[in-house]
Protein chains: 2
Amino acid sequence: MLATVLHGPGDIRCEEVADPKILKPTDAIIKLSASCVCGSDLWPYRGLQEARDPGHMGHEYCGVVVEVGSDVKTVKPGQFVVGSFCLSDNTCPHCRNGFQSSCEHREFMTGAQAPYARVAMADGTLVATDTMPSDDLIPSLLAASDVLGTGWYAADAARVQPGCTAVVVGDGAVGLMGVLSAKQMGAGRIIAMSRHKARQELALEYGATDIVAARGDEGVAKIRELTGGVGADSVLECVGTQESMMQALNAARPGGSIGFVGVPHGVELDGQMLFFQQKSLMGGPAPVRRYLPHLIDLILTRKINPGKVFDLEVPLTDVAEGYRAMDERRAIKTLLRMQ
Amino acid sequence: MLATVLHGPGDIRCEEVADPKILKPTDAIIKLSASCVCGSDLWPYRGLQEARDPGHMGHEYCGVVVEVGSDVKTVKPGQFVVGSFCLSDNTCPHCRNGFQSSCEHREFMTGAQAPYARVAMADGTLVATDTMPSDDLIPSLLAASDVLGTGWYAADAARVQPGCTAVVVGDGAVGLMGVLSAKQMGAGRIIAMSRHKARQELALEYGATDIVAARGDEGVAKIRELTGGVGADSVLECVGTQESMMQALNAARPGGSIGFVGVPHGVELDGQMLFFQQKSLMGGPAPVRRYLPHLIDLILTRKINPGKVFDLEVPLTDVAEGYRAMDERRAIKTLLRMQ
């Protein structure tokens, strides 16, 4: 099959690779309805993170099961499924505690920017829908696999409560999903920090009540002004740099909470600074599996439309353009259509 | 009056100083029933923290009001009061959110190792008892001022819940109060990390179910063994070093919470490490004022006996011996009796 392979920084290709096959009796093979490019794919694409070279890219997926291993019990060929980018057994103590992204047997999905993919620990990872969803819902269901689930976790880790004031740092796809999630959780005020018009507009559509274009100290000063000098109850950090982390910490009120989901790159936090900030800090890879049933339900009942975050669609063969557009910030998030 | 003054590292004296007086209409003057030496007093005593030289020491206090400023409304001369080591107005947004230790007008108490002390923002800081408590309760009420309130906050920030497994890192007075607090909050299992026999015994008396004498990686391995390989739901970090912080992080399970109340000295945390640890981190100076009414009630009804943490009593004139005994770990905590 033709699939996406990263050969080195900036060198992403759609090329012939071996078809995936069942390797363990707990595996499933799915035919993807669509795939997409993640902001985190840009780290190795930009050469900012060591990549296994050449790497089969893609960790977001939904589609139809075509084959299952002999031990798989909860999904079967013909079913439509959505899975998390973190593969988990969903039975270990960490999974039972709701942290499937720290599963004792955790693996990270790879090779999903392709027509077919192998999903390990299928029973623990995949959630099947009762019926085949209509085509127009595919982008939203695909978003649930990572970017929506991650935005949801950011809001959850930031302890968004009904009526609270939430700030979202980062206007990438995850940040925008954070806005949507905070809205669903009942935040009374949602301040999106964004300086890009198209993203500001989508943030407003997803429920942002205020937009702050300023960054750093100036941005924090603006947050303080908007919150009567107090700071926000909840801050969703969706970038992963030292600057964005400090912006998030400084935007929260004492006793407030920061959920950080941007994978930190070069971030160092001083213990005494954290102590006197007196704010709760919780991050990590999102336990999407915990949220999937609820998110799928919200999508199938058309209460949310996370799929709007895809503002570029290209066929899988044009995956290089899909990466380029996101790298150059011409696109928020690229959807890859299978032929 | 004779009071405690730190002249430099290791040079603590009881010497004549000016009597405190009302400086602002919101001040109160109290006659202390007792005072004590805090673990945090040892940082400047050991020369590990810059001290204002000479410094009037002491921030833990309870006693009888002898004079109030013209604006003070909630306490009056003759009343017995307990206050927090953090002075707060108890009306600003941070105070109303329960974080009086981040009050917009926060001051830190000083000069309480003395027969009399000035308490700023008396209305916001002091809590009066209905009647004069009996003498034997004074040590416990004094403990509520900081060390008990701080242990309580550690358990609260570590999100101790009924039935949970809690680990306490640090067997100083705050760690022991953390054990007591976790017990009060219903923890099902409380593992105290301590290598000192007297402290182990007090930990067991306060509710610890297990003692782990090992530290560092060996200690963490023991915690994992005791928790079936999972880690603890809640960890109370009561030391403040890089080693103790890493021990606390590594002892918690994914999704677990660390409450850190040891003032960090030389602690640096890597962002990506925190991300993949996937644990909630919350610390800071304890908002003792929030907890005081409940803690005072627990003490007056004799449900808890935090005063047992004082294992050395000296008259104020022997304050130097009180510091020395704690510095050399001959005493857990020194109570200073007024003449």
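First, a word on what this report is: a plain description of the structure on this page.

Digging into the packing of helix α5 (residues 147-157) of chain B against helix α6 (residues 173-184) of chain B
All names here are of chain B. Interhelical geometry of α5 versus α6 gives an angle of 55° and a closest axis separation of 7 Å. Between α5 and α6, the angle falls in the class oblique. Both α5 and α6 take part in a crossing whose hand is right-handed. Contacts between α5 and α6 pair Val-147, Leu-148, Thr-150, Gly-151, Trp-152 and Ala-155 from the former with Ala-173, Val-174, Met-177, Gly-178, Leu-180, Ser-181, Ala-182 and Gln-184 from the latter. In terms of residue class, the contact of α5 with α6 is built from nine nonpolar, five polar and no charged.

A closer look at the relation of the copies chain B and chain A
When chain B is fitted to chain A, the residual RMSD is 0.0 Å, and the transformation amounts to a turn of 180° plus an axial shift of 0.0 Å. The superposition operator between the copies reduces to a two-fold rotation axis. Most of the interface of chain B is mirrored in chain A, where 100% of its interface residues are also at the interface.

Points about the interface of chain B and chain A
The interface of chain B with chain A comprises 38 residues on the first partner and 38 residues on the second. Summed over both partners, the interface of chain B with chain A comes to about 3,200 Å²; 59% of that surface belongs to carbon and sulfur atoms. Joining chain B to chain A, the criterion identifies zero salt bridges. On the surface where chain B and chain A come into contact, there are 14 residue pairs in polar contact (both at pLDDT 80 or more). For the side of chain B that touches chain A, the secondary structure elements donating two or more residues are α2 (93-96), β15 (252-260), β16 (268-270), α10 (271-277) and β17 (280-283) of chain B. With five residues, α10 of chain B is the largest single contributor of residues to the side of chain B that touches chain A. Looking at the side of chain B that touches chain A, its residues break down into 19 nonpolar, 13 polar and six charged.

Points about the packing of aromatic side chains
Taken as a whole and judged by the stated rule, the model has six aromatic pairs over all chains. A ring pair is formed by Tyr-45 of chain A and Tyr-323 of chain A, whose centres lie 5.2 Å apart and whose planes are at 45°; its orientation type is tilted. One end of the pair, Tyr-45 of chain A, is in helix α1 (residues 42-45); the other, Tyr-323 of chain A, is in helix α12 (residues 319-327), and 278 residues separate them in sequence. Exposure remark for Tyr-45 of chain A: the relative accessible area of 7% places this residue in the buried category. Ring plane angle 55° and centroid distance 6.2 Å describe the contact between Phe-275 of chain A and Phe-260 of chain B, whose orientation is recorded as tilted. Of the two residues, Phe-275 of chain A sits in helix α10 (residues 271-277) while Phe-260 of chain B sits in strand β15, which places them in two different chains. Across the pair, exposure class does not vary: Phe-275 of chain A and Phe-260 of chain B are buried alike. Ring pairs connect the aromatic residues Phe-260 of chain A together with Phe-275 and Phe-276 of chain B, which therefore count as one cluster. Taking the ring centre of Phe-99 of chain A as reference, the NZ or CZ of Arg-290 of chain A above it sits at 4.9 Å.

A few points about the sheet that holds strand β4 (residues 55-56) of chain B
Paired through their backbone hydrogen bonds, the strands of a sheet run either parallel or antiparallel. Residues and elements named next belong to chain B. Ordered by their spatial adjacency, three strands build an open sheet running β2-β1-β4, and the pairing between neighbours is antiparallel. Lying at the two open borders of the sheet, with one neighbouring strand each, are β2 (11-16) and β4. In terms of strand pairing, strand β1 (residues 2-8) meets β4 through two bridges, oriented antiparallel. Bridge pairing in β4 places Leu-6 opposite Gly-55. Together, β1 and β2 form the strand contacts of helix α12 (residues 319-327), whose direction differs from that of β2 by roughly 160°.

A word on a negative patch on the surface
A cluster of acidic side chains, namely Glu-268 and Asp-270 of chain A together with Glu-268 and Asp-270 of chain B, defines a negative patch on the protein surface. Secondary-structure elements contributing two or more residues to the negative patch are β16 (268-270) of chain A together with β16 of chain B. Secondary-structure assignment places Asp-270 of chain A in strand β16. Take Asp-270 of chain A: its relative accessible area is 32%, and that puts it in the partly exposed class.

A few points about unusual backbone geometry
Residue and element names in this part refer to chain A. Notably, Arg-302 is not glycine yet its phi reads approximately 55°, a positive angle. Tracing the backbone shows Arg-302 in the loop between α11 (288-300) and β18 (312-315). Phi is positive for Arg-329, which is not a glycine, with a value near 55°. One can find Arg-329 in the loop between α12 and β19 (334-337). Taking relative accessible area as the criterion, Arg-329 reaches 39% and is therefore assigned partly exposed.

Structural notes on the nonpolar core
Grouped burial of nonpolar side chains is what soluble globular proteins tend to show. Formed by 59 residues in total, the largest nonpolar core has its most connected members in Leu-148, Val-160 and Leu-236 of chain B. In contact with Leu-148 of chain B, not counting residues within four places along its chain, are Ala-143, Met-177, Leu-180, Ser-181, Leu-295, Ile-299, Ile-304 and Pro-306 of chain B. Judged by nonpolar contacts, the second largest core, of 58 residues, contains Val-160, Ala-187, Ala-208 and Ile-332 of chain A.

Structural notes on the pattern of salt bridges
Under the definition given, this model contains 34 salt bridges over all chains. Between Glu-225 of chain A and Lys-222 of chain A there is a salt bridge, and its shortest N-O distance comes to 3.4 Å. With Glu-225 of chain A and Lys-222 of chain A both in helix α8 (residues 216-226) and three residues apart, this pair spans about one turn of that helix. Relative accessible area serves as the criterion here: at 57%, Glu-225 of chain A is assigned to the exposed category. Across the salt bridge formed by Asp-171 of chain B and Arg-329 of chain B, the nearest N and O atoms sit 3.0 Å from each other. Residue Asp-171 of chain B is found in the loop between β11 (165-169) and α6, and its partner Arg-329 of chain B is found in the loop between α12 and β19 (334-337); the two are separated by 158 residues along the sequence. One connected set of salt bridges, linked through shared partners, spans Glu-321, Arg-324, Glu-328 and Arg-330 of chain A.

Parameters and conventions
Residues numbered from 1 in each chain as written. Chains lettered and ligands numbered in written order. Predicted model: local features only at pLDDT ≥ 70, side-chain atom pairs only at ≥ 80, totals over all residues. Heavy atoms only, no water. Axes fitted to C-alpha atoms, helices over the stretch in contact; angles between N-to-C directions. Helix = DSSP H or I, 4+ residues; strand = E, 2+ residues; numbered from the N terminus. Parallel < 35°, antiparallel > 145°, perpendicular 65-115°, else oblique. Left-handed = near helix turned anticlockwise from the far one by under 90°. Contact = heavy atoms within 4.5 Å. Nonpolar A, V, L, I, M, F, W, Y, C, P; charged D, E, K, R; others polar. Least-squares fit on C-alpha atoms with pLDDT ≥ 70 in both. Buried area = accessible area lost by both parts, 1.4 Å probe. Salt bridge = Lys/Arg side-chain N within 4 Å of Asp/Glu carboxyl O. Polar contact = N/O pair within 3.5 Å; in protein donor to acceptor, adjacent residues only side chain to side chain. Phe/Tyr/Trp six-rings, centres within 6.5 Å; stacked < 30°, edge-to-face > 60°. Buried < 20%, exposed > 50% of the residue type's maximum accessible area, 1.4 Å probe, protein only. Lys NZ or Arg CZ within 6 Å of the ring centre and 35° of its normal. Pairing = 2+ DSSP bridges. Patch = residues over 30% accessible without salt bridge, like charges linked within 9 Å, V, L, I, M, F, W, Y side chains within 5 Å. Areas by Shrake-Rupley, 256 points an atom, 1.4 Å probe, with all protein chains shown as cover. Lys, Arg positive; Asp, Glu negative; His and termini not counted. Charge placed at Lys NZ, Arg CZ, Asp CG, Glu CD. Core = buried A, V, L, I, M, F, W, Y, C linked by side-chain atoms within 4.5 Å.

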